[in-house]
Amino acid sequence: MDITFENVNYIYQQGTPFAHKAIKDLSFHIPSGSFVAIIGHTGSGKSTLIQHLNGLVHPSAGTVTIGNYRLTNDEKPKNMKELRSKVGVVFQYPEHQLFEETVEKDIAFGPENFGVSKEEIAKRIQEIIPAVGLSGEMLKRSPFDLSGGQMRRVAIAGVLAIKPDVLVLDEPTAGLDPRGQKEIMNMFKELHKKEGLTTVLVTHSMEDAVQYADHVIILNKGTKYMEGRPEDVLTQQEALNKVQLDVPEAVQFLLNFEKRFGIKIPFQRQTTEEIARDVHRYLQGGGENE
Amino acid sequence: MRKKLIEFRNVSFRYGDEEPWVLKNCSFEVYENEWLAIIGHNGSGKSTIAKLMNGLLFPQEGEIIINGQQVTEETIWDVRKDVGMVFQNPDNQFVGTTVQDDVAFGMENRGFPREEMIKRIEQNLTAVGMQDYRLTEPHRLSGGQKQRVAIASVLAVSPKVLILDEATAMLDPKGRQEIMRTVSNVRAEHALSLITITHDLREVVQAERVIVMNSGEIWDEAIPREIFSKKDALREIGLDVPFVAILTDELKKTGMTITNEPLNQEELLEDLWTLHLRT
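Bear in mind that the values here come from a model prediction, so they are computed numbers and not experimental data. (Residues numbered from 1 in each chain as written. Chains lettered and ligands numbered in written order. Predicted model: local features only at pLDDT ≥ 70, side-chain atom pairs only at ≥ 80, totals over all residues.)

Asker: Can you walk me through the overall build of chain A in this structure?
Answerer: The helix and strand tally for chain A stands at 11 helices and 10 strands. Relative to its length of 290 residues, chain A is compact, with a C-alpha radius of gyration of 21 Å against a globular reference of 19 Å. Sequence separation of at least 24 residues holds for 64% of the intrachain contacts in chain A that already meet a minimum separation of 6. (Helix = DSSP H or I, 4+ residues; strand = E, 2+ residues; numbered from the N terminus. Rg over C-alpha atoms; globule rule 2.2 N^0.38 Å. Contact = placed C-beta atoms within 7 Å.)

Asker: How should I be thinking about the packing of helix 11 (residues 272–284) of chain A against helix 9 (residues 243–253) of chain B in this particular structure?
Answerer: Helix packing geometry: the angle between the two helix axes and the distance between the axes. Two elements in contact, helix 11 of chain A and helix 9 of chain B, have axes separated by 8 Å at closest approach and are oriented at 55 degrees. As judged from the angle between their axes, helix 11 of chain A and helix 9 of chain B are oblique. Regarding helix 11 of chain A and helix 9 of chain B, the two cross each other, and that crossing is right-handed. From helix 11 of chain A, Thr272(A), Glu273(A), Ile275(A), Ala276(A), Val279(A) and His280(A) reach across to helix 9 of chain B, where they touch Phe243(B), Ile246(B), Leu247(B), Glu250(B), Leu251(B) and Lys253(B). Its residues assigned to classes, the contact of helix 11 of chain A with helix 9 of chain B shows 7 nonpolar, 2 polar and 3 charged. (Axes fitted to C-alpha atoms, helices over the stretch in contact; angles between N-to-C directions. Parallel < 35°, antiparallel > 145°, perpendicular 65-115°, else oblique. Left-handed = near helix turned anticlockwise from the far one by under 90°. Nonpolar A, V, L, I, M, F, W, Y, C, P; charged D, E, K, R; others polar.)

Asker: So what exactly am I meant to see when it comes to the domain arrangement of chain B here?
Answerer: Quoted interface sizes are often the accessible area lost when the parts come together. Residues and elements named next belong to chain B. On domain assignment, one finds that chain B holds domain 1 (4–229) and domain 2 (242–279). Centre-to-centre, using C-alpha coordinates, domain 1 lies 34 Å away from domain 2. Residue-level contacts link 7 residues of domain 1 with 5 residues of domain 2. Class assignment for the residues of the side of domain 1 that touches domain 2 results in 4 nonpolar, 1 polar and 2 charged. (Domains from an automatic or database assignment.)

Asker: Which parts of the structure should I look at to understand helix 4 (residues 114–127) of chain B?
Answerer: Since there are 3.6 residues in each turn of an α-helix, residues three or four apart along the chain are aligned in direction. Residue and element names in this part refer to chain B. Here helix 4 spans 20 Å end to end across 14 residues, near enough to the 20 Å set by a 1.5 Å rise per residue. Each element contacted by the buried residues of helix 4 is listed here: helix 3 (99–109), helix 5 (143–155) and helix 6 (173–189). Of the residues flanking the end of helix 4, it is Gly129, one or two places downstream, whose phi is positive at about 70 degrees. (Expected span 1.5 Å × (residues − 1).)

Asker: Could you clarify how one ought to interpret the nonpolar core in this entry?
Answerer: Formed by 148 residues in total, the largest nonpolar core has its most connected members in Ile38(A), Ala152(B) and Ile163(B). The residues touching Ile38(A), leaving out its near neighbours within four places in the chain, are Lys46(A), Leu49(A), Val200(A), Leu201(A), Val202(A), Ile217(A) and Leu219(A). (Core = buried A, V, L, I, M, F, W, Y, C linked by C-beta atoms within 7 Å. Buried ≥ 20, exposed ≤ 12 C-beta atoms within 10 Å, placed from the backbone.)

Asker: Looking at this structure, how should I read the environment of Ile107(A)?
Answerer: Mapped onto the secondary structure, Ile107(A) falls in helix 3 (residues 103–113). Not counting residues up to four positions away in its chain, the partners in contact with Ile107(A) are Ile125(A), Ile128(A), Val154(A), Ala157(A), Gly158(A) and Ala161(A).

Here it is in structure tokens:
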């Protein structure tokens, strides 16, 4: 589903002395099937933005369009529940929302609420459990007896079980160890491809943005600061530093390399191995490879 | 030789009689004024070590000596004067309704005189760069700022060792930098041992010594440079290898010589400059 924001504003506690504009004149378009990273430091409006995506909040002004659903200040779709069955949101620390007696019941809670049949839910659970890296024997256990990483996977499985078209991920790997982070991100990448999802990833990690996203939107003070392909946006050190962000480490290295040696190696989302080969060629190649 | 501040002697711990051992026969020391980093994947036992250090947990086997005293039910209150801890979640450790109340809390519990409290609030908030927020309410602070206040609160009671148990894990990159900078500043001014527990290898570069935990056992104990050279092994136990270490490896694979194990980009570029510049 396409996602479009047109001049969206959002004000918390509007009409009170505490009114606070969290989103200002925000416009962007995410084509169906994209993997978008939304980046910004704490307080830049990322979380408010994603709450618009399944109608948890409505714009104070402007229009949000998700597929055929339109959200404005005075207009909300009559079929809000349908929208929510199509946009799955994995919030920060989603394991805090687990509540059922067993893993199976917890995963089934979402689709049950959307009226999915018991047989269909059972079928979906069978598919999802291996996809999120859990084992079938865990289904009858209490989610609270699992490790933090496993609980996170159960919570994610609960969102996947509604079979959303749009998957919104709010810092899905925060607090996990490096192996867990990598496994979960690779899982989302797989699902994105296999299910043809539109994926919106909110992250602090420039490394993840470079590795997984095909489009990035940088937010600052509630409005769009930069937008484009990762290799175009995430290489602009000066502009990023202004909003307390930094380039990925690989880009940093290429910039430092240029400063030291006067040789510019363009960043094209190379792997570390490819960067090493570039450096080797420039420093030792003797020119014959150029 | 430096004085031993903390000593673990053959310590084993598990949460219940039927449960698996979380720590298995661990022995190590922490010295005065030392910066020790403990790294390991989730569930490797690193946080259990922290909780054993100030008597939140007690070992089933072995003993733990802190500043010459064994940690037991009887000594925990003395031990806790020496061992300050800051935990992962910035929202779970704020007790005061303002920043200065929070810093005062620990001192109040220990019966510090009012004049001394005022002096120490000022000193320690300045040390963490939060002196302008004395009257601010906690919910108006960022995660990094809350953690800095938590550090000030712990430092206010003058512990001998400060333990940061994944204190940066829930922060954004800027918050992490703030904490690492704060910690270096504090160490430059106070005589203090520091134990940082993390799974972020980039955070161990500044430490003097690193203990790597794996499945409840001490897997390695070395200086950061030595740890960085064991990339494949680190990856096998679920840790992430920093970009500089990976790049160094890849450069070596292309046939380039790199003499030292560089800890950061500056060191790597310096090596490339001296060894490989064509003149």
